[in-house]
Amino acid sequence: MPKSSAAEDLSPFATPALLVMATLADGPKHGYAIMQEAELISGQPLGPGTLYAALARLERRGLIEALPAEERRRPYRLTAHGATTLQAHLDQLRSFTRQALERLEGGAA
Amino acid sequence: MSPHRLVGLYPAAWRERYGDEFHALLETRTPGRLDVIDIVWGAVDAHLFPQAPEGRFLMFTRLAGLAAIGAAAALLMGFLFFIPNINELTVPVFYGLATIGVVGIHLRQVAVRPALAWLGFLLGLLGLVSGIGFVLLTRVGVIPTDANEVGFLVGLALWIGSSALGAVMLAIRVFPTLVGLALVIGSNIAVLGLFAAGSPNAGEALDILGQVGILVYAAAWLGIGVSLLVAQPQEGVLGPAT
């Protein structure tokens, strides 16, 4: 049974894993497309080794799944469990961001 | 470095699962220097923390293989440097050598047949503890040091541990039959040779027999190690992956 806390299980690839999940949020993508979108979202390049380390961990935990290969490229998509986990993690980040901003604005005032 | 070589840095199970698409990715986007470092780091991670479904199995298998090869090398060293001078030092050395193999095999067995693994482990442990206890008692003077008695105990522990392990391996067909038989037969011949070496009436033929037994025993460990390192779960040599 996959665990629900993705990020805490994926260290040291927790951040890349979250990034990969975010790129898959709007539909299946293969490795190269994931790398391009990840760089677009984060502004940082995602190396091939880091990408596949994250993909392997996410797949092992049932957070993503591979679709049938198209030629030699294999697309991946979020599972239902992965989507729930991503949603929970993003909610947590949103709460963190809101509180941090409130404190920053309160301190500046 | 070519994509083919970079993919080759990863473990076999990883390549089986991701190798083709990873290779295609590296062909699409030629890796730069930072990419190469990133891929090497990813390969190290894949070796240390296998994520494939059979990853735990492979990790145990690899560790067991390395331990078995270590045991073979150590046994040969023991044969070359210690056998001609059986004394107190021989006992801990040989128990150490036997322990390497026992631990290695059990790393593998625990992943496949936990119940049988524990049986073999307990039998080996019994010999190990009794031998170490004997050595300690001779050290503190409770038991007078006697090379023949020490040699006898070394042989006894090796015989119990390796025969039990060999029997377990043959029973569950984890390794090729020849390797399991070599371990059982080799250990018994080696023990006979150790007994003979400690006897005042030891003949040359028995001495040679013992040396052959030790070599066969070491060769069996080597065979186990190589089998573990080269075999893949789907090949059936190692039984079903768990």
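Each remark here, short or long, concerns the structure printed above.
As a starting point, this report considers the structure included with it.

The rules behind the values
Residues numbered from 1 in each chain as written. Chains lettered and ligands numbered in written order. Predicted model: local features only at pLDDT ≥ 70, side-chain atom pairs only at ≥ 80, totals over all residues. Helix = DSSP H or I, 4+ residues; strand = E, 2+ residues; numbered from the N terminus. Buried ≥ 20, exposed ≤ 12 C-beta atoms within 10 Å, placed from the backbone. Contact = placed C-beta atoms within 7 Å. Core = buried A, V, L, I, M, F, W, Y, C linked by C-beta atoms within 7 Å. Nonpolar A, V, L, I, M, F, W, Y, C, P; charged D, E, K, R; others polar. Axes fitted to C-alpha atoms, helices over the stretch in contact; angles between N-to-C directions. Parallel < 35°, antiparallel > 145°, perpendicular 65-115°, else oblique. Left-handed = near helix turned anticlockwise from the far one by under 90°. Expected span 1.5 Å × (residues − 1). Bend = angle between axes of the 7 residues up to and from the residue. Arc of directions from axis to C-beta.

**A few points about the environment of Leu-19 of chain A**
Residues and elements named next belong to chain A. By the element assignment, Leu-19 lies in helix H2 (residues 14-23). We classify Leu-19 as buried; it has 22 C-beta atoms within 10 Å. A C-alpha to C-alpha distance of 9.2 Å links Leu-19 and Ala-54, two positions 35 residues apart in sequence. Excluding residues within four positions of it along the chain, Leu-19 makes contact with Ala-38, Ile-41, Ser-42 and Leu-46.

**As for the nonpolar core**
Val-20, Met-21, Leu-51, Leu-55 and Leu-58 of chain A are the most contacted members of the largest nonpolar core, which totals 33 residues. Elements with a minimum of two residues in this core: H2, helix H3 (31-42), helix H4 (48-60) and strand E2 (76-78) of chain A together with helix H2 (12-28) and helix H3 (33-48) of chain B. If you tally residues by element for this core, the top one is H4 of chain A, at seven residues. Setting aside residues no more than four positions away along its own chain, Leu-51 of chain A makes contact with Pro-16, Val-20, Gly-31, Ile-34, Met-35 and Leu-46 of chain A.

**So, the interface of chain B and chain A**
Facing the 20 residues of chain B at the interface are 15 residues of chain A. Listing elements by their share of the side of chain B that touches chain A, those giving two or more residues are H2 and H3 of chain B. Grouping the constituent residues of the side of chain B that touches chain A by class yields eleven nonpolar, three polar and six charged.

**Digging into the packing of H4 of chain A against H2 of chain B**
Two elements in contact, H4 of chain A and H2 of chain B, have axes whose closest approach is 11 Å; the angle formed by their N-to-C orientations is 150°. By the angle between their axes, H4 of chain A is roughly antiparallel relative to H2 of chain B. Along this stretch, H4 of chain A crosses H2 of chain B, giving a crossing that reads as right-handed. For the pair formed by H4 of chain A and H2 of chain B, the contact residues are Pro-48, Tyr-52 and Ala-56 of chain A on the first element and Tyr-18, Phe-22, Leu-25 and Leu-26 of chain B on the second. For the contact of H4 of chain A with H2 of chain B, a count of residues per class yields seven nonpolar, no polar and no charged.

**Topic: H2 of chain B**
All names here are of chain B. Taking 1.5 Å per residue as the helical rise, H2 with its 17 residues ought to reach 24 Å, and the 23 Å between its terminal C-alpha atoms agrees with that figure. At Tyr-18, H2 shows its maximal bend, which comes to roughly 65°. Every buried residue of H2 is accounted for by Ala-13, Trp-14, Arg-17, Tyr-18, Glu-21, Phe-22, Leu-25 and Leu-26.

**Re the environment of Ala-73 of chain B**
Considering the arrangement of structural elements, one finds Ala-73 of chain B in helix H4 (residues 55-81). The spacing of Ala-73 of chain B and Trp-221 of chain B is 148 residues in sequence and 8.9 Å in space, taken between C-alpha atoms.

**Thoughts on H3 of chain B**
When the terminal C-alpha atoms of H3 of chain B are compared, their 23 Å separation across 16 residues agrees well with the 22 Å that a helix rising 1.5 Å per residue should span. For H3 of chain B, the full list of buried residues reads Asp-38, Ile-39, Gly-42, Ala-43, Asp-45 and Ala-46 of chain B. The buried side chains of H3 of chain B occupy one side of the element, clustering within an arc of 160° when seen end-on. Facing away from the buried surface of H3 of chain B by more than 90 degrees, the exposed residues are Arg-33, Leu-34 and Leu-48 of chain B. Contacts from the buried residues of H3 of chain B go to H4 of chain A together with helix H1 (3-8) and H2 of chain B.

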